[in-house]
Amino acid sequence: MDHEFSADEETLKDIASELTRFEIKRSNVIPILQMIQERHAYLAPEAIRMVAEHLGMAACEVYGVATFYNQFRFQPPGKHQIKVCLGTACHVKGGDIILENFERKLGISEGQTTPDREFSIDRVACVGCCALAPVAIVDETVYGKVAPSKVEGLILGFEIEKEKEERRKQRDESN
Amino acid sequence: MEEITLTINGKKISARPGSSILDAATENGIKIPTLCHHRHLTPVGACRICLVEDEKSGRIMASCVTPVSQDMAIRTDSPTVRRHRTNIVRLMMANHPESCIVCSRGNKCELRQVAADLGVGITGLYPMPYYRGLEQANPFIIRDLSKCILCGRCIRADHELVVVGAIDYNLRGFRSRPATAHDMPLEKSECTFCGTCVSLCPTGALSIGNPRYVGSPEKESATVCGFCGVGCTLVMGSVDGQVVETNPSHEDETVNQSTLCVRGHFAHDFLNVKERLTRPLIRKGGELSPSTWEEALNLISERLLSIKKTHGPQSLGLYGSSKCTNEENYLFQRIARSLLETNNVDNGGNVNGLSTMNAVAQRLGGSIPPARLSALEDAEVILVIGADPTQSLPVVGYFLKRASRNNGVPMIVADPRKNGLVPFASLWLPLSPQTDSDLIHALAAILYKREAFDARYIDRFTQGFDLYQKGLAAFDLGRASRSTGLESGLMEEAADQLQGKKIAFVVGQGVLLQRNGVQTMHALLNLALMTGSLGDQKRGIYILASENNGIGALDMGCAPGFLPGRGLVTDEARREYWERIWGVRLSPDPGLSMVRMVEEAEKGNLKALYVMGENPLRGFPEIERVRRAFQNLEFLVVQDILSNETGALADVVLPGAAFSEKAGSFTNLEGRIQSFESVVLPQGEAKPDLEILAQLAYRMGQADQDFSLLKIRREIRRVIPAYSELRDDPGQSWVTEMGDLGQADEEGHPVEFTPIAFAADRLRDDTYPLEGILTSTRLHLGSGTRTGLSARITGFSQGGDVELSFEDAARLDLVNGDQVRVSSKYGAVARRVRVKKDLPFGLVYIPVAFYGNEARQLVALTQPGKEESPGWMQVSVKVEKIENNEQ
Ligand code: SF4
Ligand code: SF4
Ligand code: SF4
Ligand code: FES
Ligand code: FES
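This structure is a prediction, so every number in the text was calculated from the model and none was measured.

Draft legend 1. Structural context of the pattern of salt bridges. Residues and elements named next belong to chain B. Using the criterion set out here, one finds 61 salt bridges over all chains in the structure. Between Lys 687 and Glu 691 there is a salt bridge; the shortest N-O distance is 3.9 Å. Salt bridges linked by common partners bring Arg 417, Asp 801, Glu 803, Arg 832, Arg 834 and Lys 836 together as one network.

Draft legend 2. The domain arrangement of chain A, seen in detail. Segmenting chain A into domains produces domain 1 (9-68) and domain 2 (80-174). A straight line from the C-alpha centre of domain 1 of chain A to that of domain 2 of chain A covers 30 Å.

Draft legend 3. Just the site of ligand 1, in detail. In the vicinity of ligand 1, the contacting residues are Ile 141, Asp 158, Val 162, Val 164, Ala 166, Ile 167, Cys 191, Thr 192, Phe 193, Cys 194, Gly 195 and Cys 197 of chain B. When the residues that make up the shell around ligand 1 are grouped by side-chain class, the tally is nine nonpolar, two polar and one charged.

Draft legend 4. Geometry of the pairing of strand 18 (residues 411-414) of chain B. All names here are of chain B. Residues Met 411 and Val 413 point to one face of strand 18 and Ile 412 and Ala 414 to the other, with burial holding for every one of them. Where strand 17 (residues 381-385) lies against strand 18, four bridges are found, and the strand directions are parallel. Within the sheet, the bridge partner assigned to Val 384 lies in strand 18 and is Val 413. The parallel pair strand 17 and strand 18 is bridged by helix 10 (residues 394-407), and the resulting crossover is right-handed. In terms of strand pairing, strand 18 meets strand 19 (residues 427-429) through three bridges, oriented parallel. Within strand 19, the position partnered with Val 413 by the bridge is Trp 428.

Draft legend 5. Summary view of the packing of aromatic side chains. All names here are of chain B. Across all of its chains, the model carries 25 aromatic pairs over all chains by this definition. Here Tyr 319 and Phe 620 contribute two aromatic rings whose centre-to-centre distance is 6.3 Å and whose plane-to-plane angle is 85°, an arrangement assigned as edge-to-face. Taken together, the positions of Tyr 319 in strand 15 (residues 316-320) and Phe 620 in the loop between helix 21 (616-619) and helix 22 (623-631) put the pair 301 residues apart, joining distant regions of the chain. The same class applies to Tyr 319 as to Phe 620, namely buried.

Draft legend 6. Main features of the sheet that holds strand 27 (residues 672-676) of chain B. Residues and elements named next belong to chain B. Strand order across the open sheet formed by three strands is 26-27-28, with antiparallel pairing between neighbours. Two strands in the sheet have a free side with no partner beyond their single neighbour: strand 26 (664-667) and strand 28 (731-734). For this sheet the average axis-to-axis angle between neighbouring strands, irrespective of direction, equals 25°. Bridge analysis of strand 27 against strand 28 gives four bridges, and the strand direction is antiparallel. Paired with Gln 674 across the bridge in strand 28 is Gln 732. Each of strand 26 and strand 27 is contacted by helix 8 (residues 326-339), which is oriented at about 95° to strand 26, the strand it contacts most.

Draft legend 7. Spotlight on the interface of chain B and chain A. Each partner contributes to the interface: chain B provides 18 residues, whereas chain A provides 18 residues. Where chain B abuts chain A, roughly 1,400 Å² becomes buried across the two surfaces, and 55% of that area is made up of carbon and sulfur atoms. On the chain B side of the interface with chain A, the three residues burying the most area are Arg 172, Ala 181 and His 182 of chain B, jointly 42% of the side's total. On inspection of chain B and its partner chain A, the count reaches one residue pair in polar contact (both at pLDDT 80 or more). Here the side of chain B that touches chain A takes three residues from strand 7 (residues 168-170) of chain B, the largest share from any one element. Across the side of chain B that touches chain A, the residue classes tally to seven nonpolar, five polar and six charged.

The rules behind these values
Residues numbered from 1 in each chain as written. Chains lettered and ligands numbered in written order. Predicted model: local features only at pLDDT ≥ 70, side-chain atom pairs only at ≥ 80, totals over all residues. Heavy atoms only, no water. Salt bridge = Lys/Arg side-chain N within 4 Å of Asp/Glu carboxyl O. Domains from an automatic or database assignment. Near = heavy atom within 4 Å. Nonpolar A, V, L, I, M, F, W, Y, C, P; charged D, E, K, R; others polar. Buried < 20%, exposed > 50% of the residue type's maximum accessible area, 1.4 Å probe, protein only. Helix = DSSP H or I, 4+ residues; strand = E, 2+ residues; numbered from the N terminus. Pairing = 2+ DSSP bridges. Right-handed = clockwise from strand over helix to strand, strands pointing away. Phe/Tyr/Trp six-rings, centres within 6.5 Å; stacked < 30°, edge-to-face > 60°. Axes fitted to C-alpha atoms, helices over the stretch in contact; angles between N-to-C directions. Contact = heavy atoms within 4.5 Å. Buried area = accessible area lost by both parts, 1.4 Å probe. Polar contact = N/O pair within 3.5 Å; in protein donor to acceptor, adjacent residues only side chain to side chain.

Here it is as structure tokens:
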């Protein structure tokens, strides 16, 4: 499939073999989707299709069911996972503005991943450091009192890092 | 059942138990506004606009989903109801974008109508439209989901009527919208672009991509689709004498109800292309140049009569059209037989497979009794063979999918590849190509051994069962299993599903055009007789006629060997009947098929040919041979709506009116005769074919006859008993019984069983190791002359990719998208490759109708259905990669 978030062969094989454990009935659709998300972190287009085929449903129906619930992801988590807290304290302190800043900067919405799979954004509820509100967690690091300017800086940092990495690689190759 | 009585708005009415309040009201002329309700869809009660009030309890309820109950008292228009309704509409409008004013749904928008009726102008609410980008990457359907009111009609149309499953609701709440899986554009989903969802959308959220016109057409008129043998009823919208849009008709009782397919919906673009012929042309000094009707018709009449005089009537040939009306085909063959005294008449549908059906129909005294498509939905069991109606006759596909999905009808699909019906089948029999007759014999033999046959039926309607049952008893099932490549267990399983049931057979071009087509048809008929599955319109054999009037053209006698009403020319009594009616002597010679006419033209025996509404120089195999044969003619007349390959060779070209520009009738594959009127006037100086033929008959010596539409219809009703109900006014009637089965106990003859024989061995050729199979796709019809001129169809896909199995692709070192040359003994085509995981190896599927229908050049010019013919379906080929530098 020509989709930017296609799953790899191995994932598909795993799903195929796991699917055989589920009886063919429509009521199994959610347990199956949960199983896939648990094992592979998201529901790839091919995965949806496989589930549909297994249950004799249309792919759009399976997708429709999946999108009805907030628990499912349709894009793989990015290399850098950004989680913005929207718990009560963070919300009051403008967490939504921070979320929006991340979204705008990366051109994706919460629950999505950039096409190069570098970043993904999610919202989370209180992470237990309300004193630092608004809070964002990037790759296990907690950032407190996040301001829009900090968002810029964070992303810029990652981008510079990546560029350096690439330059290093190029140098290694030309040597 | 006891009727229920209730009052609506104080008026006492009665209703069937179980019907909804809405239905009861509508039946009694009480109008309740609706948005999500549609009579062909399951009611869901999503929009709440149809609210009514229960007078006793004051309860407000959605009338479309609330059943009536005894002594109910309903108000449909109380102040409370109005207040609620108005609020609902205000909320919908607040969610609606401003582009409403320039919406292409225009004054047909049901939301706008409801709002206007309720006097909702300014909503007084904070507008909060939910903007989503306009989706219009495909040429067919534009989605502007900011105008969506979440009525779900499109989703139900997609799931319940056409059973595709391309769209469903995703997300929820404010952001919920009907969408494809992963919210991909439609062209990346299962969508077939049938446009049914667009026709049913009450708002402008879904609209058709119309490069020529935006807005509501001035005028809408009903007609019948010009493409396949389903004969969908349409309404065409027109502006300034041009057809600008097509939708399923709003009439009840149509074959297609609210559905259409991509061709019916979008491919009628050909009606307005620049290739339309608008003036008569005569070849002068080697060039076709404009002339007058007078000059052209005089020339034709003189030339035909003088060639007949010098070379005899056998030197004349006439090729009629499965796309022209019944009346036209009747007059066409009448001119041939009675005025030109030749029986050399044929039509395109006959050449393209229906002759195979005919060869077998004679066992039934003329025709296979037509069965109704609606009966498929409650059939006992269905056997689909040599057909993928999801591509060829999509609306038949809808019937079959609904039968299986909604009613659980078991459906056995016999096809070498996993076609579009297989996911809906109860059993798939992936048999080897051209072994269908072996499979049918095997099924009959297994059923016979289980004593699962209808002895009473056999006794009453048939003869020769003795011999047939000996054949069945001795049948070598092992050999059948080897030839078909089907394990015996699979065939037993099929027999399990068929046992004790009346079978509905669905037979497509895969049988009609194949080498063993006639044999397969005989085998099918035997099985149908043995199981008593024929004769009551409820089951039987459905022949998938690919052209919209293939059946009608045959019924009208526009085929070699057949008189009108399917009587044989060689039958003296039948001939006498027509001699009395037409007041002439008829030749006992059965006449030449079009393929034979080409051969006789090659030899110089056929001198003149009159082609009406067909394009053999695109539709036929071995085009160069046909071209030379036509160049050999002394005189070629082409009467058509489009300037095409055949017309380019003609001595005279006459511009005909398209079906939408004339009145007439078509007979669909289930024997439904639909009379229709014109939608717009003919283009330029073009004339309806009937009028052209009438004027020609007048000049050729029948000045005393009136060949007007009314007169011809009256004659058809009088002299072809099966057409005694043909209507003068627009609407439908049915072909009445033409064969023996209907009256077998009175004057009908018993139907003979035929002996069993194994199909001929596969033709093998080491130079051409693969089997090429020619297939049709839903985007095109026939040779693609008309569909290929539809900008939207061609804009959607270059298409025509050949399909190969993984194994063959690996062996030939091919990947998706590679260019290949597919060649046979007769010709070659260059195409792109698509590698398919479900294809059996050794097979190459080659779509016809693309690139001038060149795929037909791979097969030999023979008449399918004749003994020695290898058919037009399949041919030994080889596939070679074309390297980039060769291109
Ligand atoms: S066009 Fe037809 S197939 Fe496509 S979504 Fe609409 S109803 Fe379904
Ligand atoms: S797109 Fe049209 S038919 Fe579909 S839910 Fe929206 S308004 Fe209804
Ligand atoms: S091509 Fe056939 S199925 Fe499609 S709309 Fe026309 S008659 Fe109906
Ligand atoms: S609300 Fe954000 S950390 Fe508690
Ligand atoms: S029409 Fe009854 S709820 Fe929509």
